[in-house]
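Chain by chain, the residues:
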Amino acid sequence: MKQHTATPWKLNHHKDEDYFVFTSTGMNLAIASLLPDGTDFRSDFEANAEFIVRAVNSFETMLEALKIIATADINDSLGMSRKEMQLLAQQTLNQADNA
């Protein structure tokens, strides 16, 4: 399987033309863009674009944390206590909330 464009992604809003371009940090090439469909600019358009960036930037960290927690034996076979697993989950969620 091919690799996706490196994260973190960022959002560039071109206000003059009301469209959004997703780029990877350090790159000037567009990954994708959201273009209005010719109707009035919708208020949720920017929120949707920001949500896509948050989801992309949080995905790998959240997936890795979930794999650790899902495969952990409650009897501490991974060297992690239940409290440590909860802390990992909380830290990951906090990171996603602030992405």
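Before any of the text, the structure's been laid out above.
Residues numbered from 1 in each chain as written. Predicted model: local features only at pLDDT ≥ 70, side-chain atom pairs only at ≥ 80, totals over all residues. Heavy atoms only, no water.

### As for the overall build of the chain
Regarding its fold elements, the chain presents two helices and three strands. For the chain, the N- to C-terminal ordering of α and β elements is β-β-β-α-α. The 99 residues of the chain split such that 18% are buried. Partitioning the intrachain contacts of the chain with sequence separation of at least 6 by distance along the chain shows that 33% fall at a separation of at least 24. If you sum the accessible surface of the chain, you get close to 7,500 Å²; carbon and sulfur atoms cover 54% of it. (Helix = DSSP H or I, 4+ residues; strand = E, 2+ residues; numbered from the N terminus. Buried < 20%, exposed > 50% of the residue type's maximum accessible area, 1.4 Å probe, protein only. Contact = heavy atoms within 4.5 Å. Areas by Shrake-Rupley, 256 points an atom, 1.4 Å probe, with all protein chains shown as cover.)

### Let's talk about the nonpolar core
Among the nonpolar cores identified, the biggest contains six residues, and these are Trp 9, Phe 20, Phe 22, Phe 45, Ala 49 and Val 53. It is helix α1 (residues 44-71) that provides the largest number of residues to this core, a total of three residues. (Core = buried A, V, L, I, M, F, W, Y, C linked by side-chain atoms within 4.5 Å.)

### Re α1
The terminal C-alpha atoms of α1 lie 38 Å apart, and with 28 residues this matches the ideal 40 Å at 1.5 Å per residue to within 8%. Maximal helix bending in α1 amounts to about 45°, located at Phe 59. Every buried residue of α1 is listed here: Phe 45, Ala 49, Val 53, Ser 58 and Ala 65. (Expected span 1.5 Å × (residues − 1). Bend = angle between axes of the 7 residues up to and from the residue.)

### Quick look at the environment of Ile 31
Position of Ile 31 among the secondary structure elements: in strand β3 (residues 30-34). Using a relative accessible area of 27% as the deciding quantity, one classes Ile 31 as partly exposed. Ile 31 sits 22 residues away from Trp 9 along the chain, and the two C-alpha atoms are 8.8 Å apart. In contact with Ile 31, not counting residues within four places along its chain, are Thr 5, Trp 9, Phe 22, Thr 23 and Ser 24.

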